[in-house]
Amino acid sequence: MHRFFAERLDEHTAVLPPEEETHALRVLRMNAGDECQALLEGQVYVAVLRETAPRVTLTLMEALPSPEPSVSVTLYQGIPKGEKMDYIVQKCTEAGVCRIVPVAFSRCIANWNGKDAARKQTRFQRIAAEAAKQSGRAVTPEITLPLSFAAMCQDASRHELIFVPWEEEHGNGIRANWQGEKDVAVIIGPEGGISPEEIEHLKAAGAKPVTLGPRIFRTETAGLAAIISLLTLSGDME
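In what follows, the accompanying structure is described. Position numbers for residues start from 1 in each chain and track the written sequence from start to end. Local features in this predicted model are restricted to residues of pLDDT 70 or higher, and side-chain atom pairs are both shown and tallied only at a pLDDT of 80 or more, whereas totals for entire chains, interfaces and linings draw on every residue. Only heavy atoms go into the side-chain values, all of them from the structure, while hydrogens and water stay out.

## Let's talk about the packing of aromatic side chains
Two aromatic rings, taken as a pair, are described by how far apart their centres are and by the angle between their planes.
(1) Moving on: Centres within 6.5 Å are what make two rings of Phe, Tyr or Trp a pair, Trp counting through its six-membered ring; a difference in plane orientation under 30 degrees is then read as stacked, over 60 as edge-to-face, and the rest as tilted. A complete count under the given rule lists 2 aromatic pairs for this structure.
(2) Moving on: The interplanar angle of 55 degrees and the centroid separation of 5.7 Å between the aromatic rings of Phe 105 and Phe 149 together place this pair among those described as tilted. Here Phe 105 is found in the loop between strand S8 (99-104) and helix H3 (114-134), whereas its partner Phe 149 is found in helix H4 (residues 149-156), with 44 residues between them in sequence.
(3) Moving on: Ring geometry for Trp 112 against Phe 124: centres 5.5 Å apart, planes inclined by 40 degrees, an arrangement best described as tilted. Residue Trp 112 is found in the loop between S8 and H3, and its partner Phe 124 is found in helix H3; the two are separated by 12 residues along the sequence. Here Trp 112 and Phe 124 have matching classes, each one buried. Comment: elements are numbered from the N terminus, with helices defined as DSSP H or I runs of at least four residues and strands as E runs of at least two. Per-residue accessibility, obtained with a 1.4 Å probe over protein chains only, is compared with the maximum for each type, and a residue is labelled buried under 20%, exposed over 50%, and partly exposed between these values.

So this is what it looks like as C-alpha cells:
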C-alpha cells in the first residue's frame, strides 16, 4: 500500500502536500477511491483518496499501531568523507533513529561550512523523509546543522544516557549499561576515530564508552549497529 505524508484538515480528513500530490497523481496514477496509508502527527492511518482536485483529499479510516520505537535515539555522528552520510541517514532512519547531529571531531577529514552545510542538511532531510516513508515510519528524523565537539558535549548532556562506542573499550557493552532509559544519545567518531582527549571530555560530560564487540565497525555502520543493538534490547525489534 502506498504511503504519503499528509496534513490534517479535521478529525477524519487530510490533504497531501504538493510534492506528495504530484507523486500520487502523476507517478502512481492514483484515483478517487484508492486506498493508501497517511503518515501524519506521528501516526499511521489507513486512508481512502476522496478527491483529486483542487487538492488531493484523504478520508482517514483506521489508525494503525505506531511504528515508532519506545526509545528515542539521537545519533551524534562524526562528519564522514564523501557520500557516507547519505547512507548513515538512510539506514539509521530505517532503524528508528529520532535525530541525527553531524559533529566536527578533531580527526574529521571532511569539513562542512556555511552554505555547503545548509545545502547538505537540506539533502539529508530529504533522504530521511524518503527513508521514513519507505520504512513505514510516521515521523521523519530531524537532521541538524553540524556542531563543534564542544557544542555537541553540551547538547548531548540533556539526554538520560549517552553511549560512545569506542574500539579501546572491552567487555563493557550496551546491555550492561542500559537500564531502561527512554532518551538515549549515541556518539560515533569519524574515520579517524575519537581521540583519547575527546573520550576524557565525553566521560566528564557523563558519556559511557562501550564496546560493540570484537569486530571493528566503520563510521558509517557503527551507529546503525549501536541503534539496532539498543532497540533489540528494548524489545522494539520484535
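## A few points about the pairing of strand S4 (residues 35-40)
The side chains of a regular strand alternate, first on one face of the sheet and then on the other.
(1) Moving on: Taking burial as the measure, the 6 residues of S4 include 5 buried ones, the bulk of the element.
(2) Moving on: Note that strand S1 (residues 3-5) and S4 share 3 bridges and pair parallel. Paired with Arg 3 across the two strands is Gln 37, which belongs to S4.
(3) Moving on: In this description, strands pair whenever DSSP reports at least two bridges between them. Where S4 and strand S5 (residues 43-51) come together, 6 bridges link them in antiparallel fashion. The partner of Leu 39 across the bridge, within S5, is Val 44.
(4) Moving on: What sits between the antiparallel neighbours S4 and S5 is a turn of 2 residues, in which Glu 41 has the positive phi angle 55 degrees.

## Side note on the sheet that holds S1
(1) Moving on: As summarised here, the arrangement of the 6 strands in space is S1-S4-S5-S6-S3-S2, forming an open sheet in which the pairing is mixed. A strand with exactly one partner marks an edge of an open sheet, and here the two such strands are S1 and strand S2 (7-10). When the angles between neighbouring strand axes are averaged without regard to direction, this sheet yields 45 degrees.
(2) Moving on: Where S2 and strand S3 (residues 13-15) come together, 3 bridges link them in antiparallel fashion. Only the stretch in contact is used when fitting a helix axis, every axis being a line fitted to C-alpha atoms; angles between N-to-C directions are given from 0 to 180 degrees.

## What about the side chain of Glu 220?
(1) Moving on: Structurally, the position occupied by Glu 220 is in helix H7 (residues 219-233).
(2) Moving on: Residues contacting Glu 220, with those up to four places away along its chain left out, are Lys 84, Tyr 87 and Ile 88. Throughout, a contact is declared for two residues whenever any of their heavy atoms are within 4.5 Å.

## Some details on the environment of Thr 93
(1) Moving on: Within the fold, Thr 93 resides in helix H2 (residues 84-95).
(2) Moving on: When the C-alpha atoms of Thr 93 and Pro 190 are compared, they prove to be 19 Å apart, with 97 residues separating the residues in sequence.
(3) Moving on: If we ignore the near neighbours within four places in the chain, the residues touching Thr 93 are Ile 88, Ala 128, Ala 131, Ala 132, Ser 135, Arg 137 and Pro 141.
(4) Moving on: In the analysis that follows, any N or O atom pair within 3.5 Å is treated as a polar contact, provided that within protein one partner can donate a hydrogen and the other can accept it, and provided that, for residues neighboring in sequence, both atoms belong to side chains. One polar contact links the side chain of Thr 93 to the main-chain carbonyl oxygen of Val 89, over a distance of 2.6 Å.

## Considering the packing of H2 against H7
(1) Moving on: Running from N to C, H2 and H7 cross one another at 10 degrees; their axes reach a closest spacing of 9 Å. What the angle tells us is that H2 and H7 run roughly parallel. Counted together, Lys 84, Tyr 87, Ile 88, Lys 91, Cys 92 and Ala 95 of H2 and Thr 219, Glu 220, Thr 221, Gly 223, Leu 224, Ile 227, Ile 228 and Leu 231 of H7 form the full contact between these two elements.
(2) Moving on: Asp, Glu, Lys and Arg are counted as charged, while Ala, Val, Leu, Ile, Met, Phe, Trp, Tyr, Cys and Pro are counted as nonpolar; the rest, among them Gly, fall into the polar class. Looking at the contact of H2 with H7, its residues break down into 8 nonpolar, 3 polar and 3 charged. Each angle is binned into one of four classes, with values under 35 degrees roughly parallel, values over 145 roughly antiparallel, values of 65 to 115 roughly perpendicular, and all other values oblique.

## Considerations on the layout of surface pockets
(1) Moving on: In this structure, the largest pocket encloses a volume near 440 Å³.
(2) Moving on: For each structure, a 1 Å grid was placed over the protein atoms alone; sets of points admitting a 1.4 Å probe that cannot get out are labelled cavities, open sets with protein on both sides within 12 Å along at least five of seven lines are labelled pockets, and lining residues have an atom within 4 Å of a point. Every residue lining the largest pocket is counted, 25 residues in all, and those nearest its centre are Pro 165, Glu 167, Ile 216, Phe 217 and Ala 222.
(3) Moving on: Per-element tally for the lining of the largest pocket: the top contributor is H7, with 3 residues.
(4) Moving on: Looking at the lining of the largest pocket residue by residue, the class counts come to 11 nonpolar, 7 polar and 7 charged.
(5) Moving on: Taken as a whole, the second largest pocket spans an internal volume of roughly 220 Å³.
(6) Moving on: Every residue lining the second largest pocket is listed: Phe 5, Pro 17, Glu 19, Glu 20, His 23, Gln 125, Arg 126, Ala 129, Glu 130 and Lys 133.
(7) Moving on: Of all the secondary-structure elements, those providing two or more residues to the lining of the second largest pocket are helix H1 (18-27) and H3.
(8) Moving on: Per-element tally for the lining of the second largest pocket: the top contributor is H3, with 5 residues. Grid points are joined across faces, edges and corners, and a volume is the space filled by probe spheres set on the points.

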